[in-house]
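Observations on the model geometry
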Amino acid sequence: MALIVHKYGGTSMGSTERIRNVAKRVAKWHRAGHQMVVVPSAMSGETNRLLALAKEVSPPKTTDALQRELDMLAATGEQASSALLAIALQAEGIEAISYAGWQVPIRTNSAYTKARIESIDDVKVRSDLAAGRVVIITGFQGVDEQGHITTLGRGGSDTSAVAVAAAMKAAECLIYTDVDGVYTTDPRVVPEARRLQTVSFEEMLEMASLGSKVLQIRSVEFAGKYRVPLRVLSSFTPWDIPIAQEAKSGTLITYEEDVQMEQAVVSGIAFNRDEAKISILSVPDKPGIAYNILGAVADANIEVDMIIQNISKDGKTDFSFTVHRNDYTRTVDLLKSKVMAALGTDHLEGDTKICKVSIVGIGMRSHVGIASKMFRALSEEGINIQMISTSEIKTSVVIDEKYMELAVRALHRAFDLDQPSA
Ligand code: ADP
Ligand code: ASP
Ligand code: MG
């Protein structure tokens, strides 16, 4: 008998039939004697639908007042799915109660639409569990100090579940989704992608931060900080498979630093289309230039990812960097109005049609030549690399967005990820 947290994503909660199925699965675990806390997402498409309604009634702008209302609105998706799951569990003859984030409460800061969890009060949840109830806690949301509802950013139910598991010292947090684990890359893009039986926490963190949307990055951060036993698995197996079998399925996130179970140098390939590139050409090559450009960008709270400064010719250089696509227009406006004139250039080029493709693997620490193998595979496909960045366990390149799938498939092959591991 253990305290277990289950999280069900949008597709898993996507219809009343699927919710009934989730209820049957949770009931099975409960009847086996486990204390169950369940964190559902909104039914698939619901968060998008709600946010689209907001767009219909208001032009996009980023006032705090608007962000607050967006959270008030989006949070209703999880409130509905949680109540439906409680009702479905009651229909199974199980005592179940659902709580919105503010009722638990899950306390967050006030950064609407991307709030961070600060603390979770588990008193109420524990007393329900002690009384034999299944407790359902809405994913994706919390409450700030003033009592305003907040949300945790898209995909945030993963983070709610891991945070609840950490706060309650759960024996395990199981993330049920529409794939049966973490794959070498997104199986929607590369059908030959393979499921990893285990993936190290560090690799998962890189993959999530580089675009693999299977887990929200903050959920992985939380899991690492509190060493939450975490597994990603399918909600589409028959609900009545034996628990012993179910509990071993999917992908386990491991924390042993030196054990590299799968023995591959590169474990996975991540990609995203979330960034845009900005280049300022012909800037004088003198001390303070990077600071003048990026200082202004940082002051506007815009995050910069990759940066390149070319060697100078005739005392002039080109300076390129990437920002999130959502920040692209704001960054260009800022540079044009506040920075360019002082730099003595009016030559700015922007490109929103780029993507970032990354190879990730803790084996890269102890092997040389991995990046060059990546560059060779891309050159063999005639793909031009615009920017490169590396860290101990990853290499990322920026390329033209139209080659993204080609690049991911070529790299998947080049690093033998299609092959079953030895
Ligand atoms: P949920 O609604 O359950 O949270 P998500 O859509 O957020 O599900 O995440 C699951 C999806 O993540 C999969 O359907 C898959 O297309 C995508 N994905 C991206 N990269 C990977 C990967 N490396 N392994 C598995 N799935 C991945
Ligand atoms: N419903 C939210 C979203 O669509 C949170 C989640 O599903 O994890 O982003
Ligand atoms: Mg998700």
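Look up a bit, the structure's there.
Read on for a plain summary of the structure. (Residues numbered from 1 in each chain as written. Chains lettered and ligands numbered in written order. Predicted model: local features only at pLDDT ≥ 70, side-chain atom pairs only at ≥ 80, totals over all residues. Heavy atoms only, no water.)

Moving on: the overall build of the protein. When helices and strands are counted, the protein shows 12 helices and 20 strands. Relative to the globule expectation of 22 Å for 422 residues, the C-alpha radius of gyration of the protein, 23 Å, shows essentially globular dimensions. Overall, the C-alpha framework of the protein stretches about 80 × 55 × 35 Å when taken along its three principal axes. Counting only residues that meet the buried cut, the protein has 51% of its 422 residues in that class. Partitioning the contacts of the protein with sequence separation of at least 6, the portion at a separation of at least 24 is 76%. For the protein, the computed accessible surface area is about 19500 Å², with 50% contributed by carbon and sulfur atoms. When the 46 basic and 52 acidic side-chain charges of the protein are each reduced to a single mean position, those positions are 2 Å apart. (Helix = DSSP H or I, 4+ residues; strand = E, 2+ residues; numbered from the N terminus. Rg over C-alpha atoms; globule rule 2.2 N^0.38 Å. Buried < 20%, exposed > 50% of the residue type's maximum accessible area, 1.4 Å probe, protein only. Contact = heavy atoms within 4.5 Å. Areas by Shrake-Rupley, 256 points an atom, 1.4 Å probe, with all protein chains shown as cover. Lys, Arg positive; Asp, Glu negative; His and termini not counted. Charge placed at Lys NZ, Arg CZ, Asp CG, Glu CD.)

To continue, consider the packing of aromatic side chains. By the definition in use, this model includes four aromatic pairs. When the centroid spacing of 5.8 Å and the interplanar angle of 25° are considered together, the rings of Phe222 and Tyr226 count as stacked. Remark: Tyr226 and Phe222 occur in helix α7 (residues 217-226); sequence separation between them is four residues, near one turn of the helix. By relative accessible area, Tyr226 is classed as partly exposed at 45%. (Phe/Tyr/Trp six-rings, centres within 6.5 Å; stacked < 30°, edge-to-face > 60°.)

A few words on the pairing of strand β9 (residues 172-177). Of all six residues that make up β9, six are buried, and the element is covered over most of its length. Residue alternation in β9 divides its side chains into two sets, Glu172, Leu174 and Tyr176 and Cys173, Ile175 and Thr177, and both sets are buried. With five bridges connecting them, strand β1 (residues 3-8) and β9 associate as parallel partners. Bridge pairing in β9 links Val5 to Cys173. In this sheet, strand β11 (residues 230-234) lies alongside β9 in parallel orientation, the contact comprising five bridges. Pairing of Leu174 across the sheet is with Arg231, part of β11. (Pairing = 2+ DSSP bridges.)

Right, let's get into the site of ligand 2. Around ligand 2 sit Ser41, Ala42, Thr47, Glu78, Phe140, Arg154, Gly155, Gly156 and Ser157, and that is every residue in its neighbourhood. For ligand 2, an oxygen atom lies 2.7 Å from a polar atom in the side chain of Arg154. Note that an oxygen atom of ligand 2 is positioned 3.4 Å from one of the backbone N or O atoms of Gly156. Considering ligand 2 on its own, with 270 Å² of exposed area, one finds that the protein chains cover 86% of that surface. (Near = heavy atom within 4 Å. Polar contact = N/O pair within 3.5 Å; in protein donor to acceptor, adjacent residues only side chain to side chain.)

Another point: the site of ligand 1. Around ligand 1 there are 17 residues in total, and Thr177, Asp178, Tyr183, Asp186 and Arg188 lie nearest to it. In the environment of ligand 1, an oxygen atom lies 3.0 Å from a nitrogen or oxygen atom belonging to the side chain of Lys7. Asp178 places a polar side-chain atom, nitrogen or oxygen, 2.8 Å from an oxygen atom of ligand 1. Relative to its unbound accessible surface of 570 Å², ligand 1 loses 85% to contact with the protein. Classifying every residue of the shell around ligand 1 gives six nonpolar, six polar and five charged. (Nonpolar A, V, L, I, M, F, W, Y, C, P; charged D, E, K, R; others polar.)

Once that is clear, we can look at the side chain of Thr345. Take Thr345: it is sitting in the loop between α10 (328-343) and β17 (348-351). At a separation of 2.8 Å, a polar atom in the side chain of Thr345 contacts the main-chain carbonyl oxygen of Leu281. Ignoring anything within four residues of it in the chain, the contact list for Thr345 reads Ile280, Leu281, Ser282, Val283 and Met340.

Geometric descriptors of this kind do not, in isolation, establish any biological role.
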